[in-house]
Structure formats: structure tokens, C-alpha cells
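Listed below are the residues making up each chain.
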Amino acid sequence: MPEALIVFASLTGNTEHMAHIVANALEKRGITVEILDCMQADAQDFLDYEICLIGSYTYGVDGVLPDEMIDFHEELGELDLSDKVFGVFGSGDDFYEVFCAAVDFFEEQFLKAGATLGGPSVKVNLDAEEEDVIRLEALANSIAEKFIN
Ligand SMILES: Cc1cc2nc3c(=O)[nH]c(=O)nc-3n(C[C@H](O)[C@H](O)[C@H](O)COP(=O)(O)O)c2cc1C
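Please read these numbers as outputs of a predicted model, since none were measured by experiment.

Colleague: Let's hear about the environment of Phe8: which residues, and what values?
Modeller: Of note, Phe8 is situated in strand 1 (residues 3-9). Here the alpha-carbon distance between Phe8 and Ser121, two residues 113 residues apart in the chain, equals 14 Å.

Colleague: Lay out the nonpolar core in plain terms, naming residues and giving numbers.
Modeller: With 50 residues, the main nonpolar core has Ile6, Val22 and Leu136 as its most contacted residues. Every element with two or more residues in this core is listed here: strand 1, helix 1 (14-28), strand 3 (51-56), helix 2 (70-78), strand 4 (85-92), helix 3 (101-112), strand 6 (122-125) and helix 4 (130-145). Sorting elements by how many residues they give to this core places helix 1 first, with seven residues. In this structure Val22 touches Ile6, Leu53, Phe89, Leu136, Leu139 and Ala140, once residues within four positions along its chain are discounted.

Colleague: So, the pairing of strand 1: which residues are in play, and what are the values?
Modeller: Most of strand 1 is tucked away: six of the seven residues are buried. Pairing between strand 1 and strand 2 (residues 32-37): six bridges, direction parallel. Residue pairing across strands places Leu5 opposite Glu34, the latter belonging to strand 2. For the crossover from strand 1 across helix 1 to strand 2, the handedness is right-handed. Sheet analysis places strand 1 next to strand 3, joined by six bridges and oriented parallel. When the sheet's bridge partners are listed, Phe8 is paired in strand 3 with Gly55.

Rules behind the numbers
As a convention, each chain's residues are numbered from 1 in the sequence order in which they are written. At least 70 in pLDDT is required for a residue's local features to be given in this predicted model, at least 80 for side-chain atom pairs to be given and counted, and no such filter applies to totals for whole chains, interfaces and linings, which use all residues. In DSSP terms, a helix is any run of H or I states spanning at least four residues, a strand is any run of E spanning at least two, and both are numbered starting from the N terminus. Nonpolar cores are identified as sets of buried Ala, Val, Leu, Ile, Met, Phe, Trp, Tyr and Cys residues joined via C-beta atoms within 7 Å. Field definition: a residue is buried when 20 or more other C-beta atoms are found within 10 Å of its C-beta, exposed when 12 or fewer are, and partly exposed for counts in between, with C-beta atoms placed from the backbone. Each residue is represented by a C-beta atom placed from its backbone, and any two residues with such atoms within 7 Å are regarded as in contact. Should DSSP find at least two bridges between two strands, the strands are regarded as paired. We call a crossover right-handed when, viewed with both strands directed away from the observer, the connection leading from the first strand over the helix to the second proceeds clockwise.

Put into C-alpha cells, the structure is as follows:
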């Protein structure tokens, strides 16, 4: 079975909660999952996994990346992840003009690295509610299905 690494950035816990929802759904499909705070991870860590996931909140009036994700984001785009399947999710607040922009930034970067989109990226307003849980589980299931022969 493939193994997955989820790297997340979360200030108040909403994105971290999403990471655990995705991890549980992947584990139900028999996939081993490691979850790392971005402070404990390098983009190169993804090279050891078949499934690469990033969860990031969005920060700043222009919808910029969290400070602790800037280097990670840059390094990600320099990797060759052409044999990997990826997924992206994140929490934001729809009060802001640019909602969950970090999710789009990471999706772009994974594509630049040559990785294959595992399923639609998931943007959540604040903490995940029931319909968000369904979308997060759908992302995990869509990724898992890529590994069924
Ligand atoms: C100063 C500040 C700026 C923010 N800017 C944005 C933004 O531009 N777009 C957005 O969608 N959310 C923005 N947010 C909202 C956070 O992304 C949101 O609170 C999110 O749920 C935090 O996730 P976390 O609990 O994983 O840290 C901002 C929050 C703060 C405190």
C-alpha cells in the first residue's frame, strides 16, 4: 500500500483538524499516514511518500501564505514529484476578499513539481463542518482510488 505524508500549517487549529479528518479517511482505506507540522518538515520529505498532502491556512489582507510556509512553498516547486499523487486543503475566512488563497498557491506548486492531482482541493470557512468533512473524505477517497489496480 502507498504511504502518505500530510504537512500542515495551523495557527488556531482549524487546518490541523482538517488534517486529521483526511488522515482518518486515508487510514480507513489502508493507507499509512504521517502528519507533520510544517515547522518540523521540509518539502524534500515528500520524496519518501507516494501521497503528498498539504494543509494551510491563509493569512494577510492579500491572501498571502503564512510566514512559516514561505520557504516550504518555494522548495516544493523545485522538486520532481512526477511519480506522486497530491492533495491540498486549508481553512480561511470568507470575510476576507481573497478566500483560502494558500490552497491555490500550493496546488500550483505541486503541479509545477509534476505531481498528479488526487482530487479537488478543499477550502473550508473556519472550522470544518459536516459538509466540509464530506468534501475532505471525498478528497482522501479520490486519492486512495488512484492506487487501486
Ligand atoms: C491577520 C489575519 C489575516 C487573514 N487573512 C485571510 C485571508 O486573506 N484570506 C482568508 O481566507 N483567510 C484569512 N484569515 C483567516 C484564517 O485563515 C482563518 O482564521 C483560518 O481558519 C485559520 O486557520 P487555522 O485555525 O488552521 O490557523 C486571516 C486571519 C488573520 C488573523
